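One-letter residues, chain by chain:
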Amino acid sequence: MARMKFLCDADRCIECNACVTACKNEHEVPWGINRRRVVTIADGKPGERSVSMACMHCTDAPCAAVCPVNCFYTTADGVVLHSKDLCIGCGYCFYACPFGAPQYPKVGNFGSRGKMDKCTYCAGGPEADGSKEEYEKYGANRLAEGKLPLCAEMCSTKSLLAGDGEIIAQIYRERVLKRGYGSGAWGWKTAYRETIES
Amino acid sequence: MSSFARFIRPAIGAWALLLLIMTAPAPSLAQQINPTASSVNERQLLQEMDRIQGRVSIPDQRSSVLMQPAGREWREFRNVALRWIGGVAMLGMLAVLVIFYLTRGMVRLESGRSGRTIVRFNTYERVVHWMTATCFVILAISGLNITFGRPLLLPLIGFDAFSEWSQWAKFAHNYLSFPFTIGVVLIFLMWIGGNIPNKLDLEWIKRGGGLIGHDHPPARRFNAGQKGIYWIVVIGGGLVAVTGYQLMFPFYVSGIEGMQIAQIVHSVVAVLFIAAMLAHIYIGTIGMEGAFEAMGSGEVDVNWAREHHSLWLDQELARSGPNDSQPRPRHAASAAE
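All of these numbers come straight from a predicted model, not from anything done at the bench. (Residues numbered from 1 in each chain as written. Chains lettered and ligands numbered in written order. Predicted model: local features only at pLDDT ≥ 70, side-chain atom pairs only at ≥ 80, totals over all residues.)

A few words on the overall build of chain B. Along chain B, the regular secondary structure elements total 14 helices and 4 strands. Across the 337 residues that make up chain B, the buried fraction comes to 27%. Long-range pairs, those at least 24 residues apart, make up 70% of the contacts in chain B between residues at least 6 apart in sequence. (Helix = DSSP H or I, 4+ residues; strand = E, 2+ residues; numbered from the N terminus. Buried ≥ 20, exposed ≤ 12 C-beta atoms within 10 Å, placed from the backbone. Contact = placed C-beta atoms within 7 Å.)

Residue and element names in this part refer to chain B. Per the UniProt record, "transmembrane region" (unreviewed entry) is annotated on residues 84-107, 127-148, 175-197, 229-249 and 261-283. Taken end to end, residues 84-107 has its terminal C-alpha atoms 32 Å apart, with 83% of it in helix and 0% in strand. Its end C-alpha atoms 34 Å apart, residues 175-197 is made of 74% helix and 0% strand. (UniProt positions renumbered as here; feature names shortened; annotations may be inferred.)

In regular strands, side chains alternate between the two faces of the sheet. Residue and element names in this part refer to chain A. Among the 5 residues of strand S1 (residues 4-8), 5 are classified as buried, and the element is accordingly described as predominantly covered. Both S1 and strand S6 (residues 160-164) contribute to a ladder of 5 bridges, which runs antiparallel. Among the inter-strand pairings, Lys 5 is bridged to a residue of S6, identified as Gly 163. (Pairing = 2+ DSSP bridges.)

Turning our eyes to something else, we now look at the interface of chain B and chain A. Across the boundary between the two partners, chain B contributes 48 residues, which contact 44 residues of chain A. Top element by residues in the side of chain B that touches chain A is helix H7 (residues 159-191) of chain B. It accounts for 8 residues. Grouping the constituent residues of the side of chain B that touches chain A by class yields 21 nonpolar, 19 polar and 8 charged. (Nonpolar A, V, L, I, M, F, W, Y, C, P; charged D, E, K, R; others polar.)

Attention shifts here to the nonpolar core. By size, the foremost hydrophobic cluster in this structure holds 77 residues, and its most contacted members are Cys93(A) and Leu160(A). Looking at which element gives the most residues to this core, the answer is helix H3 (residues 92-96) of chain A, with 5 residues. Other than its neighbours up to four places away in sequence, Cys93(A) contacts Cys63(A), Val66(A), Cys67(A), Pro102(A) and Met116(A). If you look at the next biggest cluster of nonpolar residues, it comprises 17 residues, including Leu139(B), Val240(B), Ile274(B) and Met277(B). (Core = buried A, V, L, I, M, F, W, Y, C linked by C-beta atoms within 7 Å.)

Next up, the structure:
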């Protein structure tokens, strides 16, 4: 079985934010929530890099480990999903996540944050694949249709890669070999406890 | 000599020119080969800051933190350390209380009941106490559910029921924090007068507070043990309130790392608070004869007061007489305070 991962080649990201827009549109993500974002480090200085980041679907995911109601589950493809029916909006996943992925629909205080929302790797949720309920809660389930996440699919510079971890790591390795440099797979050490040697 | 100089001068010039040509283009060539040599580096950034922050063009500026692996330590605390601290503190206290009850038994009224009573806590004090106590019990149960519910309760009742219950417990936890905080503030204000530690407390502690043996060290309105409980409530309650509100209002006070620290302080103080309150509940109910009445009806037996709060009783009696068989009018009772 494939182990799905994201890989952002920071040396190719041009901070166009197409991945962010594609994600918002594909899943009709509510106002104020960004399942994916592009962060520019050392902006305007020599050596600046932009990295597109969303939920990394970690190995031994911290969110799943700390959830008080155990609403997370990992699919056979290694995608970390959660049930909004079980989520109580406590905010614990959000303290544990290294990537700032969990978001809450209400900027709300008094603990009325609402159900947590995050990147689903375009794989929906626990409801029946492609059902109306699934779409309303989690957005499109492209994986069930045999498609990869839209953010990576439409990345204009092919900086953002999505797919089986082995394959995208191989693509990245070949790139680095060909052009002679690479700043590494951002977040991989934290998410998967491994890096791609380049 | 001059012919030799004529020969060597162009030779030196040619050498110098060659050296210049060879060294000059070298640095620019290296830069073209590896542009990442001077770029930001993930490993280096994480070593420097323990997190990576940049700039985002979306309105949500909090999302500018790209990575903060510190959540891993927090996870370890929440899933392992906190369960040990809480388990040892609460079960340990429970065990101590059971052993104490079985060996020492209830602290009896040695001189028996006199039949005369004296007002110990007026209606206002009792209302504040029970409001805070009720909130505390619900806050404690709903809080423990967050830490211990998943391993202990979830397997028993299943996902749906457990989520439903936890959702209500969370709302109760968040909203009852307000009356609880008010209660803690009122307790702080109304009993601060009798709770300043003094020399009498040392004497009381030295003599085992009457818990060990059958001694009755003198005490004013609050003895050293009660002062301890008072300060646990005021300081512990203050800490859980402050950290709790910080978690309830995310990003008002701090970012994620601040909230992780707040959760650690909140939960550790809370489990220790619960352990202390187990002892408080014990001594106020089955642990001591005649003690519950102080917070129940508000009036204690004069003999109880003489045994446990001799100096306070003398003071009260000097001001006004004890309640003889007839109940006194309410306003007089409050005046006695």
